[in-house]
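Single-letter residue listing:
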Amino acid sequence: MHLVTYLHAALAARLTELRHEAERGDSPVPTAVIIFGLVAAAIAVTGLVMARATNWMESVPTAP
């Protein structure tokens, strides 16, 4: 329970610090959109590789 209390206090302190800073940089929305796009591309590539590997393994002849 001490860990949860510590994490809550640390998060609250960090959020308070972020609210008081005047220049925080770029909005997190574009970063989230870029990350979502990269994850979608990775899922698509993984699906293509898996489909091709499955097709290739099915085309390998088996021993008689």
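Residues numbered from 1 in each chain as written. Predicted model: local features only at pLDDT ≥ 70, side-chain atom pairs only at ≥ 80, totals over all residues. Heavy atoms only, no water.

1. A few points about the overall build of the protein chain
Broken down by element type, the protein chain carries two helices and zero strands. Here the protein chain has a C-alpha radius of gyration of 23 Å; the compact-globule value for 64 residues is 11 Å, and the former is much larger. Seen through its principal axes, the protein chain has C-alpha atoms that stretch 70 × 35 × 10 Å. Buried positions account for 0% of the 64 residues belonging to the protein chain. Here the protein chain has roughly 6,200 Å² of accessible surface; of this, 72% comes from carbon and sulfur atoms. (Helix = DSSP H or I, 4+ residues; strand = E, 2+ residues; numbered from the N terminus. Rg over C-alpha atoms; globule rule 2.2 N^0.38 Å. Buried < 20%, exposed > 50% of the residue type's maximum accessible area, 1.4 Å probe, protein only. Areas by Shrake-Rupley, 256 points an atom, 1.4 Å probe, with all protein chains shown as cover.)

2. Structural notes on helix H2 (residues 28-59)
Here H2 is 32 residues long and its end C-alpha atoms lie 47 Å apart, about the 46 Å a rise of 1.5 Å per residue gives. A small share of H2 lies buried, amounting to zero of its 32 residues. (Expected span 1.5 Å × (residues − 1).)

3. Some thoughts on the pattern of salt bridges
A side chain of one charge can pair with a side chain of the opposite charge when the charged atoms of the two come close. If you walk through the whole model with that rule in mind, you get one salt bridge. In this structure, Glu17 engages Arg14 in a salt bridge whose closest nitrogen and oxygen atoms are separated by 2.8 Å. Taken together, the positions of Glu17 and Arg14, both in helix H1 (residues 2-20) and three residues apart, correspond to about one turn of that helix. Residue classification places Glu17 among the partly exposed residues on the basis of a relative accessible area of 42%. (Salt bridge = Lys/Arg side-chain N within 4 Å of Asp/Glu carboxyl O.)

4. Considerations on a nonpolar patch on the surface
Taken together, Leu3, Tyr6 and Leu7 make up a surface patch of nonpolar side chains, about 360 Å² in accessible area. Along the chain, Tyr6 turns up in helix H1. The exposed category is assigned to Tyr6, whose relative accessible area is 56%. (Patch = residues over 30% accessible without salt bridge, like charges linked within 9 Å, V, L, I, M, F, W, Y side chains within 5 Å.)

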